Each structure stands twice: as C-alpha cells, then as structure tokens.
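Read off the chains here:
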Amino acid sequence: MTSVSFPIGAPVELRPERPLVIGVGHRLRCDDAAGPLLMDRLAAHGWPVREESGEGVALMEAWSGQTQVLVVDAAVSGAPPGTLHRFDATTTLLPSSLFRGSSHLFGVAQAVELARSLGRLPPRLEILAIEGRNFAFGETLTPEVATAIEVALALLLADPLLKQSDSSPPNF
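Throughout, a residue's number is its position along its own chain's written sequence, starting from 1. Predicted model: local features are reported for residues with pLDDT of at least 70 only, side-chain atom pairs are reported and counted for 80 or more only, and whole-chain, interface and lining totals are derived from all residues. Computation of side-chain values covers all heavy atoms of the structure but excludes hydrogens and water.

### As for the packing of aromatic side chains
So, step 1. Only Phe, Tyr and Trp rings are paired, with Trp represented by its six-membered ring, and only when their centres lie within 6.5 Å; those with planes under 30 degrees apart are stacked, over 60 edge-to-face, the remainder tilted. This model, assessed by the stated rule, comprises zero aromatic pairs.
So, step 2. Definition used: whenever NZ (Lys) or CZ (Arg) falls within 6 Å of the ring centre and also within 35 degrees of the ring normal, the charge is taken to sit over that ring. The ring of phenylalanine 137 has arginine 29 sitting right over it, with the charged end atom 5.4 Å from the ring centre.

Pasting the structure below:
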C-alpha cells in the first residue's frame, strides 16, 4: 500500500484535475483485463480514460501532453495474485520483471524508461499494476484480481491527491 506524507513546511502541489487513466491489457485474456476493467470503473466516476494494448510507442503517444497520468496494467512478478503494485514513475525505476507477462517486447516499463531518457515523461506518472494469475483466453477474472480491482478503485477514489470536486481543488 502506498502512503503519502508531507514534511512540515513542504510545498504541497494542488492538482485540481484528475489524471488521465490509461487502461492497459486485453479484455479477452482473463486477468490481463484488470487494467481496462479498473479504467471502466473510474470512467463511471467521471475520470478521463483511454484504453491501450500496452505497446510502448502507443503509450508514449497516449500520455504526450498530459500533466497527470495513471497507467493501470496487470503484472506477473511472482507476488500473490491480487497484489497491488503502485509506483511514481517520475521518481522510481520500474522493476523490469513486473510486466514480464506482456506480449509486447516494448511495453509499459520500456516505454517509461525510454520516455524518461528522452525527457517525455508527463510531470506526474503513476503506474498501478495488479498481480494476475491466469492470462489464458477468456473473460473470467480470478477472484483475487476481481477483489483487487475493487480495492484499487476504493483507494484511488479516496486518495486525497486525486480527489476532485466540481469547483475546488482537492481537499487535504
């Protein structure tokens, strides 16, 4: 779980807009649908969304010109299914093994690192990966991933850095 703390006197950046949510994955590959399914749930709450297959160049194009981006994808790192991995990609290198289940040779982690080296990362880029177990063809999520999507939704909707009201910046 991610916690955020601010030292006394540290400036706090108020971000009145919600991030663009990029849901990555294949809807017909069981747990690989975690990214698009969480993206759908956030869209129902008024968040701006875009669905991508996970191809690196397309991801870089999708976040081009954005100030805040949340990429949601399935992960295969060896952690228990349903584990949530959350990274601030503007300050943290993504573990290379996190997305080893991708069918793309140039996927999320590689796109982030190439964009970093080219100076093309958005000012705020978070990666939320949901550990999957079953990536066979089909539309049924494993129970752990289905639960993780609900947990991730609740965490994101409650995150004070991501909250938005109609006329005011986030409340802290």
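### Focus on helix H2 (residues 56–63)
So, step 1. Think of it in three bands: with a 1.4 Å probe and only protein chains considered, a residue is buried below 20% of the maximum accessible area for its type, exposed above 50%, and partly exposed in between. Strands here mean DSSP runs of E at least two residues long; helices mean DSSP runs of H or I at least four residues long; both are numbered from the N terminus. Looking only at H2, the buried set comprises Gly56, Leu59, Met60, Ala62 and Trp63. The arc that holds every buried residue of H2, seen down its axis, measures 160°, which confines them to one face. In this structure, H2 carries Val57 and Glu61 as exposed residues pointing more than 90 degrees from its buried face.
So, step 2. Considering only its buried residues, H2 is in contact with strand E1 (20–24), strand E2 (49–52), strand E3 (68–75), helix H3 (108–118) and strand E5 (124–131).
So, step 3. In the segment just after H2, glycine 65 is the residue with positive phi, at about 80°. In this description, the arc belongs to the directions extending from the helix axis to the C-beta atoms. Whether two residues are in contact is decided by their heavy atoms, any of which lying within 4.5 Å being enough.

### Some details on the pattern of salt bridges
So, step 1. Each reported salt bridge corresponds to a side-chain nitrogen of Lys or Arg within 4 Å of a carboxyl oxygen of Asp or Glu. As enumerated under the stated definition, the model contains nine salt bridges in all.
So, step 2. For the salt bridge of glutamate 51 with arginine 27, the shortest nitrogen-to-oxygen distance reads 2.9 Å. With a gap of 24 residues between them, glutamate 51 in strand E2 and arginine 27 in the loop between E1 and helix H1 (34–43) connect regions that are remote in the sequence.
So, step 3. You can call arginine 27 partly exposed: its relative accessible area is 32%.
So, step 4. Between arginine 116 and glutamate 113 there is a salt bridge whose closest N-O contact spans 2.8 Å. Highlighted residues: arginine 116 and glutamate 113, both in helix H3, separated by three residues, approximately one helical turn.

### Regarding H3
So, step 1. Residues Val108, Ala109, Ala111, Val112 and Ala115 constitute the buried set of H3. Along the long axis of H3, the arc covered by the buried residues comes to 165°, so they all point the same way. Opposite the buried face of H3, at more than 90 degrees from it, the exposed residues are Ser117 and Leu118.
So, step 2. Turning to H3, the residues buried within the fold contact E1, H2, E3 and E5.

### Points about the pairing of strand E4 (residues 84–88)
So, step 1. Residues His85 and Phe87 of E4 are buried on one face, while the alternating residues Leu84, Arg86 and Asp88, pointing to the opposite face, are not.
So, step 2. Any two strands are treated as partners once DSSP identifies two or more bridges connecting them. By the bridge criterion, five bridges tie E4 to E5 in an arrangement that is antiparallel. Residue pairing across strands places phenylalanine 87 opposite isoleucine 127, the latter belonging to E5.

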